[in-house]
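# Secondary and tertiary structure notes
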Amino acid sequence: SDVTDGEVSAIDVAVAQDSQRRGELWRYREQITEAINRLAPNKLDVTLPGDQLAAFVAEVGPRVTARAPRATVWLFGHAADGNIHDVLLIPGIAA
């Protein structure tokens with residue numbers, strides 16, 4: 001997502017038009033989680049009020065890398081309901 005002027009906007013979206021496509025999208029989503037978990041099993045779920053989401057997205061990466069400069073932060077999820085999955089890859093730290 002892009003963070004611009006305090007708002008979070010999607011770069012691209014996919015909407016299932018039928019049950020077959022819905023199943024494909026869910027499988028794809030689960031495969032993302034499985035792939036990331038192999039690299040970085042430090043996954044957090046964060047739920048915030050919608051008006052705080054953009055600030056969180058903008059701040060979490062810099063705050064993590066300030067403490068762990070070699071860290072990688074991935075954010076994904078369903079922002080429309082205020083939920084973001086935070087995946088932290090911090091070399092040398094296991095879950």
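Just above sits the structure.
One structure accompanies this document, and this report is about it.

### Quick notes on the nonpolar core
Counting residues in hydrophobic clusters, the biggest one holds 10 residues: Val46, Leu53, Phe56, Val60, Val64, Ala68, Ala71, Ile84, Leu88 and Ile90. Counting residues per element, the ones that place at least two in this core are helix H2 (50–67) and strand E5 (83–89). Top element by residues in this core is H2. It accounts for 4 residues. Every residue in contact with Phe56, bar those within four places of it in the chain, is listed here: Val46, Leu48, Ile84 and Asp86.

### Here we look at the environment of Ile84
Along the chain, Ile84 turns up in strand E5. Setting aside chain neighbours within four positions, we find Ile84 in contact with Leu44, Asp45, Val46, Leu53, Phe56, Leu75, Phe76 and Ala79.

What counts, and where the lines are drawn
Residues numbered from 1 in each chain as written. Predicted model: local features only at pLDDT ≥ 70, side-chain atom pairs only at ≥ 80, totals over all residues. Heavy atoms only, no water. Core = buried A, V, L, I, M, F, W, Y, C linked by side-chain atoms within 4.5 Å. Buried < 20%, exposed > 50% of the residue type's maximum accessible area, 1.4 Å probe, protein only. Helix = DSSP H or I, 4+ residues; strand = E, 2+ residues; numbered from the N terminus. Contact = heavy atoms within 4.5 Å.

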